[in-house]
Amino acid sequence: MTRTLARRSRWTVRFLSRFVVPFAFFSFAGCAHDAGTRNDSEIRAVCTQLVLDYAYYRDRADGPAVGSLFTDDARMTVRGETVVGREQIEARTRSAASGPTTMHLISTIHIRPEGASRARGTSYVTVYVAGDDEASAGVPAPVEGFAIVGAYEDLFVRTPGGWRIAERLLRGVLRYRDES
């Protein structure tokens, strides 16, 4: 089983480093969270940047930065746990600083504007988790495979301060087969 997981991990890392990661770090400079967006393509760009920023700041356990992406009364549901409000989302993110190392890889972002001040989005996510006890300075932490492959289902709204995430649901899509 360990050998199978190691093969999967090597394949996944090669695939992601060639195809997914280059897209995930693409930036829509100059339009992030812009309150003055006027057309569908601008709305898509701003909302896409919110999705990418979440992954970046979440992996750094930066609570205030993650919180700034959400509305004051936002709802976020991850693995059956729902937190409500920017402050709870910040606190949940800050608490991850003492936990395992994570890497959220985002791909296939599809944003659907619903007028000038609202949009829905779906983005695929693969999350890898490694225990901090296995990581050392400058050496990548070993992982057995992904923690979850799923999709974020988001509701974005335009606020006076710019576009924000009002609702986020992480829906699991794939899992490993039971190899026992």
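(A) Summary view of the pattern of salt bridges. For the structure on display, the rule yields 7 salt bridges. Here Glu114 ties to Arg118 by a salt bridge, and the two come within 3.0 Å at their closest N and O atoms. Judged by relative accessible area, Glu114 falls into the partly exposed class, the value being 39%. Its relative accessible area of 32% is what places Arg118 among the partly exposed residues. Among the salt bridges present, the one from Glu114 reaches Arg120, with a minimum N-O distance of 3.3 Å. Salt bridges linked by common partners bring Glu114, Arg118 and Arg120 together as one network.

(B) Quick peek at the nonpolar core. In terms of nonpolar packing, the biggest core is built from 28 residues, with Phe70, Ile106, Phe156 and Trp163 touching the most fellow members. Mapped onto this core, the elements with two or more residues apiece are helix H2 (40–59), strand S1 (70–78), strand S3 (101–113), strand S4 (118–130), strand S5 (146–159) and strand S6 (162–174).

(C) Fine view of the pairing of S6. Judged from the 5 bridges that link them, S1 and S6 form a sheet pairing that is parallel. Along S6, the bridge assignment pairs Arg75 with Glu167.

(D) Spatial organisation of the side chain of Arg168. Within the secondary structure, Arg168 sits in strand S6. A polar contact of 2.7 Å, which involves the side chain of Arg168, links it to the side chain of Asp154. Ignoring sequence-local partners within four residues, the contact set of Arg168 consists of Val51, Tyr54, Phe70, Arg75, Met76, Thr77, Tyr152, Glu153 and Asp154.

(E) Region of the structure containing unusual backbone geometry. The phi dihedral of Ala61 is positive, around 55°, even though this residue is not glycine. Structurally, Ala61 can be placed in the loop between H2 and helix H3 (63–67). Notably, Thr108 is not glycine yet its phi reads approximately 45°, a positive angle. Positionally, Thr108 belongs in strand S3. The class of Thr108 is partly exposed, set by a relative accessible area of 46%.

(F) Seen up close, the side chain of Asp154. Within the secondary structure, Asp154 is located in strand S5. Given the relative accessible area of 3%, Asp154 is considered buried. Excluding its chain neighbours within four sequence positions, the residues that come into contact with Asp154 are Val51, Ala119, Arg120, Gly121, Ser123, Ile165, Glu167 and Arg168.

(G) Spotlight on helix H4 (residues 86–95). Ile89, Glu90 and Thr93 are the residues of H4 that are buried. Along H4, the residues classed as buried sweep out an arc of 100° about the axis, all on the same side. Residues of H4 that are buried in the fold lie against H2, H3, S1 and strand S2 (81–84).

Thresholds, definitions, all that
Residues numbered from 1 in each chain as written. Predicted model: local features only at pLDDT ≥ 70, side-chain atom pairs only at ≥ 80, totals over all residues. Heavy atoms only, no water. Salt bridge = Lys/Arg side-chain N within 4 Å of Asp/Glu carboxyl O. Buried < 20%, exposed > 50% of the residue type's maximum accessible area, 1.4 Å probe, protein only. Core = buried A, V, L, I, M, F, W, Y, C linked by side-chain atoms within 4.5 Å. Helix = DSSP H or I, 4+ residues; strand = E, 2+ residues; numbered from the N terminus. Pairing = 2+ DSSP bridges. Polar contact = N/O pair within 3.5 Å; in protein donor to acceptor, adjacent residues only side chain to side chain. Contact = heavy atoms within 4.5 Å. Arc of directions from axis to C-beta.

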